[in-house]
Amino acid sequence: DAKTTQPTSMDCAEGRAANLPCNHSTISGNEYVYWYRQIHSQGPQYIIHGLKNNETNEMASLIITEDRKSSTLILPHATLRDTAVYYCIVRVRDDYKLSFGAGTTVTVRA
Amino acid sequence: NAGVTQTPKFRVLKTGQSMTLLCAQDMNHEYMYWYRQDPGMGLRLIHYSVGEGTTAKGEVPDGYNVSRLKKQNFLLGLESAAPSQTSVYFCASTRDRGQVEQFFGPGTRLTVL
């Protein structure tokens, strides 16, 4: 599996957009980019995924660069409840396994 | 639907004791997983199951055993607990291999003294 690199931590102001970067320079053509988040002491929660096109759902937007070597998760209007660890994961769609790195600790401040 | 539930929520063991963690899901999912999470780290896969009666090893299987006698339940056993097994344990499930989202339980916090 391709590995990902994320910043250790970042702060964001409440009500502003939070842009979370992820590098995955060795991603293969059939590997998707997934984002999960883990709010303190809870199980991880799926956010969004994509292959090469930009994706949007009710939680976030995912922007993948044309060369697919990096991506950005966008939380459009961050709230205090978005404070969590965010994991960027790459894997083949039908692989059973999710490989979690250390993720990015996002703190949303009032 | 309750989703994925885990029992117990907290447990303290002494070195050498045994215990079983129970994971239950009510979504009729085929795949189930056990992960552990150590402080400041991501989740690591211990064992997984692709259906009733099947189990397979993940990244860190040593010191653990699992069983999937019923489709809705996945048990994780520690036969002789060690301090290195102090961790938070998460169970997850997916409908099938290709389902995008893994559904996670709330976790079991285990301390081995």
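Residues numbered from 1 in each chain as written. Chains lettered and ligands numbered in written order. Predicted model: local features only at pLDDT ≥ 70, side-chain atom pairs only at ≥ 80, totals over all residues. Heavy atoms only, no water.

### Side note on the overall build of chain A
Counting its secondary structure elements, chain A contains zero helices and nine strands. The order of α-helices and β-strands along chain A, N terminus first, is β-β-β-β-β-β-β-β-β. In terms of overall size, chain A behaves like a compact globule, its C-alpha atoms giving a radius of gyration of 13 Å where 110 residues would be expected to give roughly 13 Å. Along the first, second and third principal axes, the C-alpha atoms of chain A reach 40 × 30 × 25 Å. Counting only contacts in chain A whose residues sit at least 6 apart along the sequence, the fraction spanning at least 24 positions is 56%. A total of about 5,600 Å² of accessible surface is found on chain A, and carbon and sulfur atoms cover 47% of it. (Helix = DSSP H or I, 4+ residues; strand = E, 2+ residues; numbered from the N terminus. Rg over C-alpha atoms; globule rule 2.2 N^0.38 Å. Contact = heavy atoms within 4.5 Å. Areas by Shrake-Rupley, 256 points an atom, 1.4 Å probe, with all protein chains shown as cover.)

### Points about the sheet that holds strand β5 (residues 55–56) of chain A
Residues and elements named next belong to chain A. Strand order across the open sheet formed by four strands is β2-β7-β6-β5, with antiparallel pairing between neighbours. Each edge of the open sheet carries a strand with a single partner, namely β2 (18–23) and β5. Bridge count for strand β6 (residues 61–64) against strand β7 (residues 70–75) is four bridges, and the pairing is antiparallel. Looking at β7, one finds that S61 is bridged to I74. (Pairing = 2+ DSSP bridges.)

### Concerning the sheet that holds strand β7 (residues 65–67) of chain B
All names here are of chain B. Read from one edge to the other, the open sheet built from four strands follows the order β1-β3-β8-β7, with strand pairing classed as antiparallel. A single partner strand is all that each edge strand has here, and the edge strands are β1 (4–7) and β7. Strand-to-strand twist in this sheet, taken as the mean axis angle between neighbours without regard to direction, amounts to 20 degrees. Here three bridges tie β7 to strand β8 (residues 73–78), and the two strands are oriented antiparallel to one another. Paired with N65 across the two strands is G77, which belongs to β8. (Axes fitted to C-alpha atoms, helices over the stretch in contact; angles between N-to-C directions.)

### Focus on the interface of chain A and chain B
Put simply, an interface is often sized by how much accessible area is lost when its parts join up. Each partner contributes residues to the interface: chain A has 20 residues there, and chain B has 22 residues. For the chain A and chain B pair, buried surface summed over both sides reaches about 1,700 Å², with 54% attributable to carbon and sulfur atoms. For the interface between chain A and chain B, the tally reads zero salt bridges. If you look at where chain A meets chain B, you find four residue pairs in polar contact (both at pLDDT 80 or more). Elements represented by at least two residues in the side of chain A that touches chain B include exactly β3 (31–38), β4 (45–50) and β8 (84–92) of chain A. Broken down by element, the side of chain A that touches chain B gets its largest block of residues, three residues, from β3 of chain A. Residue composition of the side of chain A that touches chain B, by class: nine nonpolar, six polar and five charged. (Buried area = accessible area lost by both parts, 1.4 Å probe. Salt bridge = Lys/Arg side-chain N within 4 Å of Asp/Glu carboxyl O. Polar contact = N/O pair within 3.5 Å; in protein donor to acceptor, adjacent residues only side chain to side chain. Nonpolar A, V, L, I, M, F, W, Y, C, P; charged D, E, K, R; others polar.)

### Quick look at the packing of aromatic side chains
Evaluation of the coordinates by the stated rule reveals eleven aromatic pairs over all chains. Here Y32 of chain A and Y34 of chain A contribute two aromatic rings whose centre-to-centre distance is 6.3 Å and whose plane-to-plane angle is 45 degrees, an arrangement assigned as tilted. Judged by relative accessible area, which is 18%, Y32 of chain A ranks as buried. On the basis of an interplanar angle of 35 degrees and a centroid distance of 6.3 Å, the ring pair of Y31 of chain B and Y33 of chain B is categorised as tilted. (Phe/Tyr/Trp six-rings, centres within 6.5 Å; stacked < 30°, edge-to-face > 60°. Buried < 20%, exposed > 50% of the residue type's maximum accessible area, 1.4 Å probe, protein only.)

### Some points on the pairing of β7 of chain A
Residues and elements named next belong to chain A. Two strands pair when backbone bridges link them, and β2 and β7 are joined in this way by six bridges, in the antiparallel orientation. Its bridge partner lying in β7, L20 is registered against L73. Here β6 hands over to β7 after five residues, with R68 in that stretch at a positive phi of 65 degrees.

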